[in-house]
Amino acid sequence: ALRALGFSSWSIARSLLVEAVLIAAAGALVGLALGRMLLTGASVSLAMSAFELRADAVAVLVAFGAALLIAFLGVIPAAIRVIRLPIATALVED
């Protein structure tokens, strides 16, 4: 329907990508904050020893980057569909 209003298919695809990455970033921040709170002071006992669980900066950056990458890769099929979809078909599907 946005293409009928004059938006190009590329601008709609870019909008989908930005929206997906922003939502993934917000979700990743909430998840990382919850993980940090749950890991504080936690330890795992294995056999005769115990290990403290910690989330260092590298683990946090890798998790955040993975969340953004998964969101980006997940929205690519939808963006391709938007680019290929004719305006008339898009209006009928609404």
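Refer to the preceding data block for the structure.
Residues numbered from 1 in each chain as written. Predicted model: local features only at pLDDT ≥ 70, side-chain atom pairs only at ≥ 80, totals over all residues. Heavy atoms only, no water.

**Student:** Any details on a nonpolar patch on the surface? Residues and values, ideally.
**Tutor:** Among the surface-exposed residues, V44, L46, F51 and L53 lie close enough to one another that they form a single nonpolar patch of about 350 Å² accessible area. Residue class for F51 comes out partly exposed when judged on its relative accessible area of 45%. (Patch = residues over 30% accessible without salt bridge, like charges linked within 9 Å, V, L, I, M, F, W, Y side chains within 5 Å. Areas by Shrake-Rupley, 256 points an atom, 1.4 Å probe, with all protein chains shown as cover. Salt bridge = Lys/Arg side-chain N within 4 Å of Asp/Glu carboxyl O. Buried < 20%, exposed > 50% of the residue type's maximum accessible area, 1.4 Å probe, protein only.)

**Student:** Just give me the short version of the pairing of strand 1 (residues 43-46), but keep the residues and values in it.
**Tutor:** Both strand 1 and strand 2 (residues 49-52) contribute to a ladder of four bridges, which runs antiparallel. Counterpart to S45 in the pairing with strand 2 is A50. Counting the residues between successive antiparallel strands, the hairpin from strand 1 to strand 2 contains two residues, one of them, A47, with a positive phi of roughly 55 degrees. (Pairing = 2+ DSSP bridges. Helix = DSSP H or I, 4+ residues; strand = E, 2+ residues; numbered from the N terminus.)

**Student:** Describe the packing of helix 1 (residues 9-39) against helix 2 (residues 57-84), and please don't skip the residues or the numbers.
**Tutor:** Where helix 1 contacts helix 2, the two axes come as close as 8 Å, and the packing angle between them is 155 degrees. Viewed along their axes, helix 1 and helix 2 adopt a mutual orientation that is roughly antiparallel. Judged by the twist between their axes, the crossing of helix 1 over helix 2 is right-handed. (Axes fitted to C-alpha atoms, helices over the stretch in contact; angles between N-to-C directions. Parallel < 35°, antiparallel > 145°, perpendicular 65-115°, else oblique. Left-handed = near helix turned anticlockwise from the far one by under 90°.)

**Student:** Describe helix 1, with residues and values.
**Tutor:** It helps to recall that an α-helix has 3.6 residues per turn; residues three or four apart then point in one direction. Between its terminal C-alpha atoms helix 1 stretches 44 Å, which fits the 45 Å expected from 31 residues at 1.5 Å a residue. Within helix 1 the residues assigned to the buried category are S9, S11, I12, A13, A20, A24, A25 and A28. Contact partners of the buried residues in helix 1: helix 2. Two residues or fewer past helix 1, G41 is found with a positive phi of approximately 80 degrees. (Expected span 1.5 Å × (residues − 1). Contact = heavy atoms within 4.5 Å.)

**Student:** Mind laying out the environment of L39, listing which residues take part and the relevant values?
**Tutor:** Tracing the sequence through the fold places L39 in helix 1. For L39, a relative accessible area of 28% gives the class partly exposed. With 49 residues separating them in the primary sequence, L39 and A88 have C-alpha atoms 52 Å apart. If we skip the residues at most four places from it in the chain, L39 touches L53 and A55.

**Student:** Go over helix 2 with me, naming the residues and quoting the values.
**Tutor:** Taking 1.5 Å as the rise per residue, helix 2 with 28 residues should run 40 Å; its terminal C-alpha atoms sit 41 Å apart, in good agreement. When the local axis directions of helix 2 are compared, the greatest deviation, roughly 35 degrees, occurs at I76, which is followed within four positions by the proline P77. Where helix 2 is concerned, the buried positions are A71, V75 and A79. On its buried face, helix 2 sits against helix 1. (Bend = angle between axes of the 7 residues up to and from the residue.)

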